[in-house]
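What follows is each chain in one-letter form.
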Amino acid sequence: MRTPFVAGNWKMFKTVAETVKYVKEFRNLVTNIDDVEIVLAPPFTALHAAAEAARNSNVCIAAQDLHWEREGAFTGEVSAPMIAETGAEYVIIGHSERRTLFGETDASVNRKIAAAFAGGLTPIVCIGETLDQRERNETFAVLDRQIRDGLDRVRSDQLAPLVIAYEPVWAIGTGRNATPAQAAEAHGHIRKRLQQWFGAEPAELCRIVYGGSVKPENIRDLATQPHVDGALVGGASLDVKAFSEIVSRSRNAQV
Ligand code: PGA
């Protein structure tokens, strides 16, 4: 049985002060939820403050990206050990905004996954097709390539803690979410590939979460689909009440 996983990706929103206010309120709203892994991903500048505000709660903190080297002359970059030192325990890797706006590739995703593990962070790896690719019937081929190249040399025992976020690019920030059937189809495909490439047991343990215009109103229909183990939430996670509602509605969704 996989524990549902729900993460809020704040993107480039919220100052340190706004983060602390949010986390203090949020931890109280979700304090009784012990059957969902709950994660917030603020910007780098607010990671430490978020981790402090979430201390001794069931809320964990994630960074939104990392560099694959531990240190070096890489102006503007942040490494896994630096992120871990803030108290964050997870890191989002390969978000479609990083892929389309900042040149992220499956090869860099792959290096970042290795760096995350080496630095003691759990990767949340984003994959997903564009609208063009879906319309050309390339969805499964794109997902296969992103998994094969992105997760190259990931060991089977590393697959269990790792989280895969299936985020169809056409559904991110557009208000147009995948239908529950579309999500189920893609998640089933991803699980099948993980089984083929990593073995049945690790594939069974890996959480595959859905992302793209998730809201309190649609989470239940998505999270009750087979192989949908939670959500990566952008816009709706900025609102503390909406996000706590999403977390709460993800509980026992597979039962
Ligand atoms: P959205 O973003 O929920 O605003 O569509 C999801 C994401 O980018 O992770």
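A.B. asks: Give a description of the overall build of the protein chain that names residues and reports values.
C.D. replies: Counting secondary structure elements, the protein chain contains twelve helices and eight strands. The C-alpha radius of gyration of the protein chain comes to 17 Å, within 12% of the 18 Å expected for a compact globule of 255 residues. Counting only residues that meet the buried cut, the protein chain has 54% of its 255 residues in that class. Contacts in the protein chain between residues at least 24 apart in sequence constitute 73% of all its contacts with a sequence separation of at least 6.

A.B. asks: So what about the sheet that holds strand β5 (residues 122–127)? Which residues, and what values?
C.D. replies: Pairing is parallel in the closed barrel, where eight strands are placed in the order β1-β2-β3-β4-β5-β6-β7-β8. On average, adjacent strands in this sheet sit at an angle of 25° to one another, irrespective of strand direction. Docked against the sheet, helix α1 (residues 16–29) engages β2 (37–41) and β3 (59–63), running at close to 170° with respect to β2. Against the sheet, helix α9 (residues 180–198) contacts β5, β6 (163–166) and β7 (207–211), and its axis sits at roughly 150° relative to β7.

A.B. asks: Account for the packing of α1 against helix α12 (residues 240–249), with residues named and values stated.
C.D. replies: Between two packed helices, what matters for the description is the angle formed by their axes and the separation of those axes. Relative orientation of the contacting elements α1 and α12 amounts to 35°, with a least axis distance of 10 Å. Here α1 runs over α12; the crossing is right-handed. Side by side, α1 and α12 meet where Tyr22, Glu25, Phe26 and Leu29 of the first sit next to Val240, Lys241, Phe243, Ser244 and Val247 of the second. Among the residues making up the contact of α1 with α12, the classes are represented as six nonpolar, one polar and two charged.

A.B. asks: Describe the site of the ligand, and please don't skip the residues or the numbers.
C.D. replies: Around the ligand sit 14 residues, and of these Lys11, His95, Glu167, Gly173 and Ser213 come closest. Separating an oxygen atom of the ligand from a backbone N or O atom of serine 213 is a distance of 2.7 Å. One of the backbone N or O atoms of glycine 235 is found 2.8 Å from an oxygen atom in the ligand. Considering the ligand on its own, with 280 Å² of exposed area, one finds that the protein chains cover 95% of that surface.

Parameters and conventions
Residues numbered from 1 in each chain as written. Predicted model: local features only at pLDDT ≥ 70, side-chain atom pairs only at ≥ 80, totals over all residues. Heavy atoms only, no water. Helix = DSSP H or I, 4+ residues; strand = E, 2+ residues; numbered from the N terminus. Rg over C-alpha atoms; globule rule 2.2 N^0.38 Å. Buried < 20%, exposed > 50% of the residue type's maximum accessible area, 1.4 Å probe, protein only. Contact = heavy atoms within 4.5 Å. Pairing = 2+ DSSP bridges. Axes fitted to C-alpha atoms, helices over the stretch in contact; angles between N-to-C directions. Left-handed = near helix turned anticlockwise from the far one by under 90°. Nonpolar A, V, L, I, M, F, W, Y, C, P; charged D, E, K, R; others polar. Near = heavy atom within 4 Å. Polar contact = N/O pair within 3.5 Å; in protein donor to acceptor, adjacent residues only side chain to side chain. Areas by Shrake-Rupley, 256 points an atom, 1.4 Å probe, with all protein chains shown as cover.

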